Amino acid sequence: MREMISMIVVLTCLTAVSGGLLAAVKSGTELRIEEQVLKFQKAPAIADILPDVTNDPIAERFPVTADGIELQVFPGKLADGSKAVVFETKGKGGYGGDVGLMTGFNLSTDKIIAARVTTHAETPGLGARAKDDPAFVSQFSGKSTADNLALKNQGGAIDAMSGATVTSVAVSRAALEAQDLYKKLKPEIEKQIQ
Amino acid sequence: MAQSLAKEFTKGLWAEIPPFRLVLGLCPVLAVTKTVENGIGMGMATTFVLVFSNLLVSMLRNVIPAKVRIACYIVIIATFVTIVELVMQAFTYPLFLKLGIFIPLIVVNCIVLGRAEAFASKNNPIMAIADGLGIGIGFTLSLSVLGAVREFLGAGTITIWGGTPVFDMATVSSSFQPFSFMVEAPGAFVGLGLLLAIMNLIPSK
């Protein structure tokens, strides 16, 4: 009995202290991690999507809220004078958790300019190809808000990556969500962008 | 005291150098040693976890009940691994991206659990730190050496830190062709096998 109680007390104390310590470290590093993700994941993706903008989308980012959804939006001025907007959505159900997808929309044509995978924990060489090889995500380029961005076997227009169906589904979910959010948030974005 | 302290520290550097003499913790050794930089980063992360888990296990060795000791060790080790993961994300994000899944996997690295069970739980905290530091530095050295062999043969470069090579074969001779087999997965086995064979030719004492 004594032994049982000591086991329970020691394990409980140990996990409680560990939990507290981790919470402290996490809140201490949270801001910096966000900065690093912005610098090393989001910024290169945005530069890929909008290669020749005349402004700085990272510096001019602003939050948009509509229907209770808050979204960080990166505005871009294209070379021909039209405006674009880039934002990130998370595709649920990847092989290693959510898959982040940056999608850029042209505000005057409502078409997707390009999309790039950002944060993910997919298998290197299989699911990770979604990020490393832009062939898959380039299928989203030029699609309008009316196109179905689901995979072909689900009645959409996107070919899945062979050997990485789960990742393909997650990416297409993120794209569908981006399309949906764009439709909902467009009036709000245009109001703020002027 | 000072003599045995030095002995515990130096045994990890040569006589019991983890991947080559103990042949422990081979998963990160094989998986991340594509460049010297990856080896150093992985080694330093593991050293941090080793030193602090050894210290805590040793400090709590009279408190932890024998029946749940493994569970307690895992909690302690996992805590430090998560701290390393968060700190790496905050300060060395590009390296964190390269090491990826192998940072959280330090939890199940048998060197860390092995030192906790075999050494730290039976010795005082100062000895445990010396042991953890020695084994950790030995592990870092092994990973760096294997990383150097693989990177040099496989890509013709040597990258110590920050992603830019300090040495590039292509600048020495323009006809240099990298042997890219060495940076692929099979090259890790061949490289490790050759290093193990060389280590076995040299007596450990």
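These numbers come from a predicted model, not from an experiment. (Residues numbered from 1 in each chain as written. Chains lettered and ligands numbered in written order. Predicted model: local features only at pLDDT ≥ 70, side-chain atom pairs only at ≥ 80, totals over all residues. Heavy atoms only, no water.)

Considerations on the environment of Lys 111 of chain A
Residue and element names in this part refer to chain A.
Move 1: Looking at the secondary structure, you find Lys 111 in the loop between β4 (97–106) and β5 (112–117).
Move 2: Counting along the chain gives 68 residues from Lys 111 to Gln 179, while the straight-line C-alpha distance between them is 9.6 Å.
Move 3: Those residues in contact with Lys 111 that lie beyond four places of it in its chain are Gly 104, Phe 105, Asn 106, Gly 142, Lys 143 and Ser 144. (Helix = DSSP H or I, 4+ residues; strand = E, 2+ residues; numbered from the N terminus. Contact = heavy atoms within 4.5 Å.)

Remarks on helix α4 (residues 36–59) of chain B
Move 1: Here α4 of chain B contains 24 residues, and its C-alpha end-to-end distance of 34 Å stays within 8% of the 34 Å for a straight helix at 1.5 Å per residue.
Move 2: Counted residue by residue, α4 of chain B has 19 buried out of 24 residues, so it is predominantly covered. (Expected span 1.5 Å × (residues − 1). Buried < 20%, exposed > 50% of the residue type's maximum accessible area, 1.4 Å probe, protein only.)

Quick look at the pairing of strand β3 (residues 83–94) of chain A
Residue and element names in this part refer to chain A.
Move 1: Both strand β2 (residues 69–77) and β3 contribute to a ladder of five bridges, which runs antiparallel. Across the sheet, the residue bridging to Phe 74 is Val 86, located in β3.
Move 2: Counted along the chain from β2 to the antiparallel partner β3, the turn is five residues long, and its residue Gly 81 has a positive phi close to 95 degrees.
Move 3: Relative to β4, β3 runs antiparallel, the two sharing nine bridges. Across the sheet, the residue bridging to Gly 94 is Gly 97, located in β4.
Move 4: The loop that links β3 with its antiparallel partner β4 comprises two residues. (Pairing = 2+ DSSP bridges.)

Some thoughts on the nonpolar core
Move 1: With 52 residues, the main nonpolar core has Val 49, Met 88, Ile 103 and Ile 106 of chain B as its most contacted residues.
Move 2: Elements with a minimum of two residues in this core: α1 (2–49) of chain A together with α3 (26–32), α4, α5 (69–91), α6 (93–99), α7 (110–118), α8 (125–155) and α10 (185–201) of chain B.
Move 3: Top contributing element to this core by residue count: α5 of chain B, with 12 residues.
Move 4: Look past the residues within four positions of Ile 103 of chain B in its chain and what remains in contact with it is Met 42, Ala 45, Val 81, Val 84, Glu 85 and Met 88 of chain B.
Move 5: Counting 33 residues, the second largest nonpolar core, distinct from the first, contains Leu 71, Phe 105, Leu 107 and Leu 149 of chain A. (Core = buried A, V, L, I, M, F, W, Y, C linked by side-chain atoms within 4.5 Å.)

A short note on the packing of α8 of chain B against α10 of chain B
All names here are of chain B.
Move 1: Contact geometry for α8 and α10: axes closest at 10 Å, N-to-C directions at 125 degrees. As the angle between them shows, α8 and α10 are arranged oblique. Along this stretch, α8 crosses α10, giving a crossing that reads as right-handed. Residues Val 145, Leu 146 and Arg 150 of α8 pack against Gly 187, Ala 188, Gly 191, Leu 192 and Leu 195 of α10.
Move 2: For the contact of α8 with α10, the per-class residue count stands at five nonpolar, two polar and one charged. (Axes fitted to C-alpha atoms, helices over the stretch in contact; angles between N-to-C directions. Parallel < 35°, antiparallel > 145°, perpendicular 65-115°, else oblique. Left-handed = near helix turned anticlockwise from the far one by under 90°. Nonpolar A, V, L, I, M, F, W, Y, C, P; charged D, E, K, R; others polar.)

Some details on the packing of aromatic side chains
Move 1: Scanning the model with the defined rule gives 10 aromatic pairs over all chains in all.
Move 2: With centroids separated by 6.0 Å and ring planes inclined at 15 degrees, the aromatic side chains of Phe 40 of chain A and Tyr 93 of chain B adopt a geometry described as stacked. One end of the pair, Phe 40 of chain A, is in helix α1; the other, Tyr 93 of chain B, is in helix α6, on a second chain.
Move 3: Residues Tyr 93 of chain B and Phe 96 of chain B carry aromatic rings whose centres are separated by 6.0 Å and whose planes lie at 40 degrees to one another, so their mutual orientation is tilted. Here the residue Tyr 93 of chain B and the residue Phe 96 of chain B both occupy positions in helix α6, the gap between them amounting to three residues, near one helical turn. Each member of the pair, Tyr 93 of chain B as well as Phe 96 of chain B, is classed as buried. (Phe/Tyr/Trp six-rings, centres within 6.5 Å; stacked < 30°, edge-to-face > 60°.)

Quick word on empty space enclosed by the protein
Left-over empty space is what a probe sized like a water molecule reveals as it rolls over the atoms.
Residues and elements named next belong to chain B.
Move 1: Enumeration according to the criterion identifies one cavity of 30 Å³ or more in this entry.
Move 2: One number sums up the size of the largest cavity: a volume of about 30 Å³.
Move 3: Lining the largest cavity are Cys 27, Pro 28, Met 42, Phe 102, Leu 105, Ile 106 and Asn 109.
Move 4: Residue composition of the lining of the largest cavity, by class: six nonpolar, one polar and no charged. (1 Å grid on protein atoms, 1.4 Å probe; cavity = no way out; pocket = protein on both sides within 12 Å on 5 of 7 lines; lining within 4 Å. Points joined across faces, edges and corners; volume = space filled by probe spheres on them.)

Section: the environment of Ser 121 of chain B
All names here are of chain B.
Move 1: Relative to the assigned elements, Ser 121 resides in the loop between α7 and α8.
Move 2: Taking C-alpha positions, Ser 121 is 13 Å from Phe 52, a pair spaced 69 residues apart along the chain.
Move 3: Among residues more than four places away in sequence, those in contact with Ser 121 are Val 57, Arg 61, Tyr 73 and Ala 116.

Observations regarding the interface of chain B and chain A
Move 1: Taken together, the 20 residues of chain B in the interface contact 20 residues of chain A.
Move 2: Summed over both partners, the interface of chain B with chain A buries about 1,800 Å², with 81% contributed by carbon and sulfur atoms.
Move 3: Between chain B and chain A we count one salt bridge in total.
Move 4: The salt bridge partner of Glu 3 of chain A is Lys 67 of chain B, with a shortest N-O separation of 3.5 Å.
Move 5: On the surface where chain B and chain A come into contact, there are four residue pairs in polar contact (both at pLDDT 80 or more).
Move 6: Of all elements in the fold, only α5 and α6 of chain B reach the threshold of two or more residues within the side of chain B that touches chain A.
Move 7: Element by element, the count of residues in the side of chain B that touches chain A is highest for α5 of chain B, at 11 residues.
Move 8: When its residues are assigned to classes, the side of chain B that touches chain A shows 16 nonpolar, three polar and one charged. (Buried area = accessible area lost by both parts, 1.4 Å probe. Salt bridge = Lys/Arg side-chain N within 4 Å of Asp/Glu carboxyl O. Polar contact = N/O pair within 3.5 Å; in protein donor to acceptor, adjacent residues only side chain to side chain.)

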